[in-house]
Structures are given as C-alpha cells and as structure tokens.
Amino acid sequence: MRRLLFAALAVTTLAAFAAAADDAPSPDSVAAEYLGVLVDDGMGATGRFFDPESLGGLKEVFVALLEIEAKQGQSQLREAMFGSNASLESVTDMKPTAFYSGVMRFIEVQMEQANVTFSGGVVLGTVFENPKLAHVVARMNLSTGDDSVSSIDIISMNEMDGRWVLLLNSEVEQMAKMIQAQLAAQP
C-alpha cells in the first residue's frame, strides 16, 4: 500500500513539474512579446527583456564614451540620451535597464528624424543551440514614410532563472565603440 501511495505521489509530482514547465514562456512567446512592445511602446520600453549582465556591459561601454565626452568639456551626447539635467554622476549611477532605455530612446529620436519606425515583427521559428540557448528567427518590418522594408533578424536568448532573456546584439556595442574611438581621436 505504501509503495502504491509513494508511486501515486511521485507521478503527481512529476506531472506538476511537467505542467509548470509547459506554462513557462517559450523563446518564441518571449520574442513575440518583445516585438509587440518594440512596435507599440518603442525601443526604450524593451529593457526588461534583456539579460541584465548584457545591459551592464553596454552601460560600461557607453559610460566610457560619456566620460571621454566630459573630459573634452562636452555634454551633447549625455544630454541627448538622458536630458539636460542629467549629470555624468547620475547617469553612471543608473541601473543598467534605465541606462539602456535612455540610449534606446536616443536611437529612436534619430530614427524618427530619418522617418524610420518599426511597423511590425513576426516570429518565424526557433533554433535551439542547447537547452539554455535559443536563436529566434523573426521578420522585422520598418516603415520609411510610404515605403516598408522587411528583414530577417536573429534574436539570441538565454534561459536564466526559469525565464528566457534576450542577449544584446553585438552591433549595438560595436556602434558605441566606434563613437568612442571618434571621440577619443578629437582634441
């Protein structure tokens, strides 16, 4: 009788874990939600989807850039990203997610000035590199006035603490390093 009770308890426990795993958002669903927020609320609202460590690394690169700017007696980039009241100290003390939002809002303004907006995105599928690393293939749509441009993008994701988080695209970091090099070359 005890064995039967133990077996029933074990099966119930395993079934509960399996049901909980099925309820966890998949990389596809997280990417679809991210794309929805990107289109509806803008790039500045997407920080919560990213790996906090990646955002910390992005912040380090941009803070170094802002420090170079400050040494040159300038503040245009810092003010464009975080407002005219933002000091270098206040920006340095920001949490990585808030810092990311400021950088992305700055990029959005540049896109708006060029009349470019995200007009949609569709998840096409996911490729798992391993159980904790997935690459979501998505079609992104950009509008440029009356025209629309579509591209295929890869959204890489890590599973952390039971949830899927996006990894930063290396292009953003490379862009920051290029700006940093340009500022460093100025007298």
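Residues numbered from 1 in each chain as written. Predicted model: local features only at pLDDT ≥ 70, side-chain atom pairs only at ≥ 80, totals over all residues. Heavy atoms only, no water.

1. Notes on the packing of aromatic side chains
In total, this model carries six aromatic pairs according to the counting rule given. Ring centres of Phe 50 and Tyr 100 lie 5.1 Å apart, and the angle between their planes is 50°; this geometry places the pair in the tilted category. Placement of the pair is Phe 50 in the loop between helix H2 (27-41) and helix H3 (52-71) and Tyr 100 in helix H6 (residues 96-113), with a sequence separation of 50 residues. Like Tyr 100, Phe 50 is buried. (Phe/Tyr/Trp six-rings, centres within 6.5 Å; stacked < 30°, edge-to-face > 60°. Helix = DSSP H or I, 4+ residues; strand = E, 2+ residues; numbered from the N terminus. Buried < 20%, exposed > 50% of the residue type's maximum accessible area, 1.4 Å probe, protein only.)

2. Some details on a nonpolar patch on the surface
Taken together, Val 122, Leu 124 and Ile 152 make up a surface patch of nonpolar side chains, about 260 Å² in accessible area. Structurally, Val 122 is set in strand S1 (residues 116-130). (Patch = residues over 30% accessible without salt bridge, like charges linked within 9 Å, V, L, I, M, F, W, Y side chains within 5 Å. Areas by Shrake-Rupley, 256 points an atom, 1.4 Å probe, with all protein chains shown as cover. Salt bridge = Lys/Arg side-chain N within 4 Å of Asp/Glu carboxyl O.)

3. Details of the sheet that holds strand S3 (residues 147-160)
Read across the open sheet, the four strands follow the order S1-S2-S3-S4; overall the sheet is antiparallel. Every other strand in the sheet has two partners, leaving S1 and strand S4 (163-166) as the edge strands with one partner each. Each adjacent strand pair in this sheet contributes to an overall mean axis angle of 30°, direction not counted. Where S3 and S4 come together, four bridges link them in antiparallel fashion. Directly across from Glu 159, in S4, lies its bridge partner Trp 164. Across the sheet, H2 is in contact with S1, strand S2 (133-144), S3 and S4; its angle to S1 comes to roughly 165°. (Pairing = 2+ DSSP bridges. Axes fitted to C-alpha atoms, helices over the stretch in contact; angles between N-to-C directions. Contact = heavy atoms within 4.5 Å.)

4. Focus: unusual backbone geometry
A positive phi angle is found at Asn 115, which is not glycine, with a value near 60°. Here Asn 115 lies in the loop between H6 and S1. Positive phi values are uncommon outside glycine, yet Asp 161 reaches one of about 50°.

5. Some details on the nonpolar core
Taken as a class, soluble globular proteins show a tendency for nonpolar side chains to be buried jointly. Tyr 34, Phe 50, Phe 82, Phe 99, Val 103, Ile 155 and Leu 166 are the most contacted members of the largest nonpolar core, which totals 36 residues. Element by element, the count of residues in this core is highest for H6, at seven residues. Excluding its chain neighbours within four sequence positions, the residues that come into contact with Phe 50 are Tyr 34, Leu 55, Tyr 100, Val 165, Leu 166, Leu 167 and Leu 168. (Core = buried A, V, L, I, M, F, W, Y, C linked by side-chain atoms within 4.5 Å.)

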